[in-house]
Amino acid sequence: MKKYLIKTCLLACFAATLLTGCEKQLEISPKQSIDASTALVSREAIESSISGIYARLKSARLYGRDLIAIPEALADNGFATNKSGRLLPEAQNNQGAQLTTTIWTSNYAGINQINLTLEAIPTLSPGLSITQTEINRWEGQLYFLRALFYFDLMKAYAYFPGAVVTALNKGGVPIILKGVSTPDQAQMVFPARPPVDSVFDQIVSDFSKANDRLLNTSAGAAASIASKSAAQGMLSRVNLYRNNFAEAKRWSDSCINLAGSRLSTTGTYINQWRAPDHGEALFQIRFATAAENIGVNESLQTSYTTLVTPGITTVTGGFGDLVPTLTMLADLGITGPTTANFGTNAVITARSTDIRNLLFEVGTTGRGPAKVECTKFIGRSGTINLDNVPVMRIAEIYLNRAEAQATLGSPAFNLAGALADLKTIKSRRYTDYTGSLQEAADNAANQATLYAEILRQRRIELAFEGHRFFDLKRLGRDLVKAPHYNTVAFTDTRILAPILQADVDGNPNLKQNAGY
């Protein structure tokens, strides 16, 4: 009976989504639910199913908070203020305080829904006059979303190619490509964990299928829907994560050529983070209605800042649970806070010419001592705690290409090309970069120095956007968290999150990660 209940959990999750709809769907279809008698047999049903899959990404356990904030807390970017108690265990890297098992359950339920929807598309009645354009649009989005779900599962629960602790490696995550729609089918599914590379092969395959089917590019609000440029950007990222540098460069080239010049400048950078839709976004999670507001406890705004409005310290909104560490502030070019006074009200005494540090400012004292806080997510929609979340920006693609070309031994090794990409980023982020001593130092840098600077710029550029822990993990580096917390070795079991124990108990082929 126990195994029966566990194995039908995925089916129950799918059925609930399919039959009742989702309160937080994207505005793809005007209807919020599907009648059970017409499930996945009509154009409207397919559209609504896809809408519901996108809606999963808005959960606070996924891109609503955890996949953005927790990687900053687990790594060396974020210090937990303990103003609400949230994100403190993650910042301290307590055993078991990692990305939650909700990612496991939600992503596999989403994958099952994707599989069933893909299987339903070829069976639609010819009388519906479904065009090949519609099929390509549906399948492209579904393959994109399945690849994203699997990639996020790998980020949480498995190692990356080239950065594996062999003694602790239990493999990747189960690959399930066939939908489960009945309890009997569910009881027949006992997947094992295939090798890490096999899962990455599947992820690349799905993103490639998405690229083949989707239209060119999307910007603004439309970036909340998968596009060809988003698929190519993800292929750039995924191949960098698996150390396939030639493919990382190839897809970076293609994405940059296709998406065009979206990089903000020193004059437009701040406003990009204040507009509802970030102009650099290749793919974003769009929060469009008041019903989608995650609220004052767990939104990204409340997680990162006490401010309601930039520069106004007399009105307190959120908690500012996670703020930049001293090493993060140093890389941002912000001086003032020190080890001696980090527990008192923060004061910024100077800033470098890096325009990015203007998104980090002193918060309010309404929740305790004021800290320097991140204001990237501060109600860009005009409503507190309601922000669209960029999942991937074009700036990352330049940095992916730069790293692929600067890595020693890379088949795409090209220091001149890496330097050009680095300078493209820095000339748009430092107001005095062109002709400066900093530019001269970059021009004269050897491989090791240039590579280190590319990684440093990646840390600064993508700060508080959910990348830092995964970057350190894919590079096989220890989490050096001094002076705030103890170092966590890459060989520590805390690098991987625990798999849902109920699924491990119900599946003899599924191995739990070490330490749990």
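Quick notes on the rules
Think of each chain on its own: its residues are numbered from 1, step by step along the sequence as written. Per-residue local features are limited, in this predicted model, to residues with pLDDT of at least 70; the limit for side-chain atom pairs, both in listing and counting, is 80 or more; totals at the level of whole chains, interfaces and linings are taken over all residues. The basis for every side-chain value is the complete set of heavy atoms in the structure, and neither hydrogens nor water enter the calculation. Helix and strand labels come from DSSP, where a helix needs a run of H or I of at least four residues and a strand needs a run of E of at least two; each type is numbered from the N terminus. This radius of gyration counts C-alpha atoms alone. The globule rule is 2.2 Å times how many residues there are, raised to the power 0.38. Exposure is judged per residue with a 1.4 Å probe applied to protein chains only, and the accessible area is read against the type maximum: over 50% gives exposed, under 20% gives buried, and values in between give partly exposed. Throughout, a residue-residue contact means that at least one pair of heavy atoms, one from each residue, lies within 4.5 Å. One requirement defines pairing of two strands: DSSP has to find at least two bridges between them. Two aromatic rings from Phe, Tyr or Trp, using only the six-membered ring of Trp, form a pair when their centres are within 6.5 Å; if the ring planes differ by under 30 degrees the pair is stacked, by over 60 it is edge-to-face, and anything between is tilted. Two conditions define a charge located above a ring, namely a distance within 6 Å from the ring centre to NZ of Lys or CZ of Arg, and an angle within 35 degrees of the ring normal. Two N or O atoms count as a polar contact when they lie within 3.5 Å, although within protein this holds only if one can serve as hydrogen donor and the other as acceptor, and sequence-adjacent residues are included solely when both atoms are side-chain atoms. Salt bridge, as used here, is a side-chain nitrogen of Lys or Arg placed within 4 Å of a carboxyl oxygen of Asp or Glu. pLDDT gives the predictor's per-residue confidence on a scale running from 0 to 100. Helix span, expected: 1.5 Å multiplied by one less than the number of residues in the helix. Angles shown run from 0 to 180 degrees and are taken between the N-to-C directions of axes, each axis being a line fitted to C-alpha atoms and, for helices, limited to the stretch in contact. To sort the angles, those under 35 degrees are grouped as roughly parallel, those over 145 as roughly antiparallel, those from 65 to 115 as roughly perpendicular, and the leftovers as oblique. By convention the crossing between two helices is left-handed if the near helix lies anticlockwise of the far one by an angle smaller than a right angle, and right-handed if it lies clockwise. For this classification, the nonpolar set comprises Ala, Val, Leu, Ile, Met, Phe, Trp, Tyr, Cys and Pro, the charged set comprises Asp, Glu, Lys and Arg, and every other residue, Gly included, is treated as polar.

Enquirer: Teacher, can you tell me more about the overall build of the protein chain here?
Expert: Counting its secondary structure elements, the protein chain contains 20 helices and 8 strands. Relative to the 2.2 N^0.38 estimate, which gives 24 Å for 516 residues, the radius of gyration of the protein chain is 23 Å and therefore close to what a compact globule would have. By principal-axis analysis of the C-alpha atoms, the protein chain measures approximately 65 × 50 × 45 Å. Split into buried and exposed, the 516 residues of the protein chain put 58% on the buried side. At a minimum sequence separation of 6, the contacts of the protein chain that also span at least 24 residues come to 71%.

Enquirer: How should I be thinking about the pairing of strand S8 (residues 389-393) in this particular structure?
Expert: Residues in a regular strand project their side chains so that they alternate between the two faces of the sheet. Within S8, 5 of the 5 residues are buried, leaving the element largely enclosed by the surrounding structure. One ladder, built from 4 bridges, connects strand S2 (residues 281-285) with S8; its direction is antiparallel. Residue pairing across strands places Ala281 opposite Arg393, the latter belonging to S8.

Enquirer: Just to check I follow, could you spell out the packing of aromatic side chains for this structure?
Expert: Any two aromatic rings considered together are summarised by their centre-to-centre distance and by the angle between their planes. If you walk through the whole model with that rule in mind, you get 18 aromatic pairs. Each ring, one from Phe160 and one from Phe200, has its centre 6.1 Å from the other, and the planes form 80 degrees; the classification is edge-to-face. Of this pair, Phe160 sits in the loop between helix H7 (132-157) and helix H8 (183-187) while Phe200 sits in helix H9 (residues 196-213), placing them 40 residues apart in sequence. For the pair Phe160 and Phe200, a shared accessibility class is recorded, and that class is buried. Measuring from centroid to centroid gives 5.1 Å for Phe160 and Tyr241, while their planes differ by 75 degrees, and the two rings are edge-to-face. Within this pair, whereas Phe160 is found in the loop between H7 and H8, its partner Tyr241 is found in helix H10 (residues 228-241), the two being separated by 81 residues in sequence. No difference in accessibility class separates Phe160 from Tyr241, as the two residues are buried. Aromatic rings pair up to connect Trp273, Tyr304, Phe360, Phe377 and Phe464 into one cluster. Here Arg474 stacks its cationic end above the ring of Tyr241, 5.4 Å away from the centre of that ring.

Enquirer: What exactly am I supposed to notice about the side chain of Thr364 here?
Expert: Relative to the assigned elements, Thr364 resides in the loop between strand S6 (360-362) and strand S7 (372-374). Here Thr316 takes part through its side chain, which lies 2.7 Å from a polar atom of the side chain of Thr364. Contacts of Thr364, omitting those with residues within four sequence positions, involve Lys83, Thr306, Leu307, Ile312, Thr313, Val315, Thr316 and Ala370.

Enquirer: Sorry if this is basic, but what is going on with the pattern of salt bridges here?
Expert: Side chains that differ in sign of charge can pair as their charged atoms come close. Per the stated rule, a full pass over the model turns up 39 salt bridges. For Arg61, the salt bridge goes to Asp66, with nearest N and O atoms at 2.7 Å. Among the salt bridges present, the one from Asp76 reaches Arg468, with a minimum N-O distance of 2.7 Å. Pair noted here: Asp76 is in the loop between helix H4 (66-74) and strand S1 (78-80) and Arg468 is in helix H19 (residues 468-474), with a separation of 392 residues, a long-range link. Comparing Asp76 with Arg468 shows no difference in burial state: the two are buried.

Enquirer: Would you take a moment to explain the side chain of Glu134 for this structure?
Expert: Along the chain, Glu134 turns up in helix H7. Reaching out from Glu134, the side chain makes a polar contact with the side chain of Arg43 at a distance of 2.6 Å. When residues no more than four places from it in sequence are discounted, the contact partners of Glu134 are Arg43 and Ser129.

Enquirer: Mind showing me how you'd approach the confidence of the model for the protein chain here?
Expert: Should pLDDT be low for a region, the predicted coordinates there are not to be read in detail. Of the residues in the protein chain, 92% have a pLDDT of 70 or more, and the chain-wide mean is 92. Here residues 1-37 is a poorly scored stretch, pLDDT under 50, and it has 80 contacts once near neighbours within four places are set aside; other chains count.

Enquirer: Sorry if this is basic, but what is going on with H4 here?
Expert: An α-helical turn contains 3.6 residues, so any two residues separated by three or four positions project in the same direction. A large share of H4 lies buried, amounting to 9 of its 9 residues. Within H4, burial applies to Asp66, Leu67, Ile68, Ala69, Ile70, Pro71, Glu72, Ala73 and Leu74.

Enquirer: Whenever I open this one, helix H15 (residues 394-406) confuses me. Can you help?
Expert: For H15, with 13 residues, the first-to-last C-alpha span of 19 Å sits near the 18 Å given by 1.5 Å per residue. With 13 of its 13 residues buried, H15 lies for the most part within the structure.

Enquirer: Which parts of the structure should I look at to understand the packing of H15 against helix H16 (residues 415-427)?
Expert: Helix-helix packing is described using two parameters, namely the angle between the two axes and the distance between the axes. Viewed as axis vectors pointing N to C, H15 and H16 meet at an angle of 155 degrees, and their least axial separation amounts to 8 Å. Put simply, H15 runs roughly antiparallel to H16. The handedness of the crossing between H15 and H16 comes out as left-handed. Facing H15, whose interface residues are Ala395, Tyr398, Leu399, Arg401, Ala402, Gln405 and Ala406, H16 presents Leu415, Gly417, Ala418, Asp421, Leu422, Thr424 and Ile425. Counted by class, the contact of H15 with H16 contains 9 nonpolar, 3 polar and 2 charged residues.

Enquirer: I tried to follow unusual backbone geometry on my own but got confused; where do I start?
Expert: Note: most peptide bonds trans; most residues except glycine with negative phi. Following Ala482, the chain continues to Pro483 via a peptide bond in cis, the omega torsion being 5 degrees. With respect to the helices and strands, the residue Pro483 is situated in the loop between H19 and helix H20 (501-506). Unusually for a residue other than glycine, Asn93 sits at a positive phi of about 55 degrees. Among the structural elements, Asn93 can be located in the loop between helix H5 (88-91) and helix H6 (102-120). Phi at Asn385 takes a positive value of approximately 65 degrees, unusual for a residue other than glycine. When you line up the elements, Asn385 lands in the loop between S7 and S8.

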